[in-house]
Amino acid sequence: MEPNENLSLKELTLKTTILLALTSSARAHELAALHLDYVSQKENGWEFVIPKHVKNSRPNHPARKIYLPSLPENQKICVIESLKQYVNRTARIRKDQQLLVSYTSPHSAIGSQTVSRWIRTVLSNAGIDAQYTGHSTRAAATSMAAESGVPLEDIIAAADWSSATTFERFYHKAISKDKFVKSILAPDIQK
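Residues numbered from 1 in each chain as written. Predicted model: local features only at pLDDT ≥ 70, side-chain atom pairs only at ≥ 80, totals over all residues. Heavy atoms only, no water.

Before going further, it helps to examine the pairing of strand S2 (residues 45-50). A large share of S2 lies buried, amounting to five of its six residues. Where strand S1 (residues 39-42) lies against S2, four bridges are found, and the strand directions are antiparallel. Bridge assignment links serine 40 to a residue of S2, and that residue is glutamate 47. Pairing geometry for S2 and strand S3 (residues 64-69), over six bridges, is antiparallel. (Buried < 20%, exposed > 50% of the residue type's maximum accessible area, 1.4 Å probe, protein only. Helix = DSSP H or I, 4+ residues; strand = E, 2+ residues; numbered from the N terminus. Pairing = 2+ DSSP bridges.)

Structure below.
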C-alpha cells in the first residue's frame, strides 16, 4: 500500500490504523482515543498522550503515552509518514481533533469497534487467518519484540502493563520458527 499520496482515503486509513496498532502495542479503544490536541511532534517521532480515562486506566497511574518513532530507512512502512499524510488528507473533513475518522461520509470520529474492524480487514486482505482479531496485533507486536531481544522492561513500558506477569500470561506467544517458515513456504505440509 504505497505510495501514501496515491492511496484512496480508505486505503490510507487502513494502512495508518494497522501501522498504529503494530507500532504502539495499543488496544483498539486506545487507538480510537488518540487526539490531535494531545500529540507532540518530535524530531524522530510523535508522542500521543491519552488524558481521559480508558477501560484499562489504573488509579494514580500517569496518563498513557504512546510514542511512535519515525522509520526514515523504510518510508513505505513508516507510521509517521503515514500519519502525516493521513492528518493532512483528513484536515478538511475532520469535525474535531480525534485522530481517526470515518473514511465515509459524514466522516465522524470512530470508536474501538471500528478500529478493530479496520485491523481485521487489513489482516484479512494480507491473507492472515480470520481467527486473528484486532487485539491480536498487541500480542504479535510485543511477542516479536521479545523474540528480537527487546528488554522486557521496555516491552512492559511500551504496552503500559503494570508487570511482566500480564505479558507472560496473556500476550507472550512463543514463535516456532520452523512452523512459521514451513507455513509460509510449504503450507500443505502443515495440514
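Turning to helix H6 (residues 152-159), its buried residues are Ile155, Ile156 and Ala159. Each buried residue of H6 lies within a common arc of 100° when the element is viewed along its axis, so the set occupies one face. Turned more than 90 degrees away from the buried face of H6, the exposed residues are Glu153 and Ala157. Trailing H6 by a residue or two, aspartate 160 shows a phi angle of about 65°, which is positive. (Arc of directions from axis to C-beta.)

Mapped onto the elements of the fold, lysine 15 is located in helix H1 (residues 9-24). This buried residue, lysine 15, is left without a salt bridge; glutamate 2 holds the nearest opposite charge, at 6.6 Å. A distance of 2.7 Å separates the side chain of lysine 15 from the side chain of asparagine 4, its partner in a polar contact. Among the polar contacts made by the side chain of lysine 15, one reaches the main-chain carbonyl oxygen of lysine 76 at a distance of 2.8 Å. Those residues within four positions of lysine 15 in sequence are excluded, and the remaining contacts are Met1, Glu2, Asn4, Leu7, Lys76 and Ser82. (Lys, Arg positive; Asp, Glu negative; His and termini not counted. Salt bridge = Lys/Arg side-chain N within 4 Å of Asp/Glu carboxyl O. Polar contact = N/O pair within 3.5 Å; in protein donor to acceptor, adjacent residues only side chain to side chain. Contact = heavy atoms within 4.5 Å.)

Another point: the packing of aromatic side chains. The description of an aromatic ring pair rests on the distance of the ring centres and on the angle between the ring planes. Tallying each qualifying case throughout the model produces two aromatic pairs. Ring centres of tryptophan 46 and phenylalanine 48 lie 6.3 Å apart, and the angle between their planes is 55°; on these two criteria the pair is classed as tilted. Under the relative-accessibility criterion, tryptophan 46 is labelled buried at 4%. On the accessibility criterion, phenylalanine 48 (0% relative accessible area) is buried. (Phe/Tyr/Trp six-rings, centres within 6.5 Å; stacked < 30°, edge-to-face > 60°.)

The biggest cluster of nonpolar side chains holds 35 residues, and the ones touching the most others in it are Leu20, Leu31, Phe48, Leu83, Leu99 and Leu100. Of the residues forming this core, the biggest block, seven residues, is contributed by H1. Every residue in contact with leucine 20, bar those within four places of it in the chain, is listed here: Ser25, Leu31, Leu34, Leu68, Val79, Leu83, Leu99 and Leu100. (Core = buried A, V, L, I, M, F, W, Y, C linked by side-chain atoms within 4.5 Å.)

Before going further, it helps to spend a moment on the pattern of salt bridges. Summed over the entire model, instances satisfying the criterion amount to two salt bridges. Ionic pairing is found between arginine 27 and glutamate 30, a salt bridge with its closest N-O pair at 3.2 Å. For glutamate 30, a relative accessible area of 0% corresponds to the buried category. One salt bridge connects glutamate 81 with lysine 84, and the closest N-O pair in it is separated by 3.7 Å. Of the two residues, glutamate 81 and lysine 84 both sit in helix H3 (residues 79-90), three residues apart, roughly one turn of that helix. On the basis of relative accessibility, which here comes to 43%, the residue lysine 84 falls in the partly exposed class.

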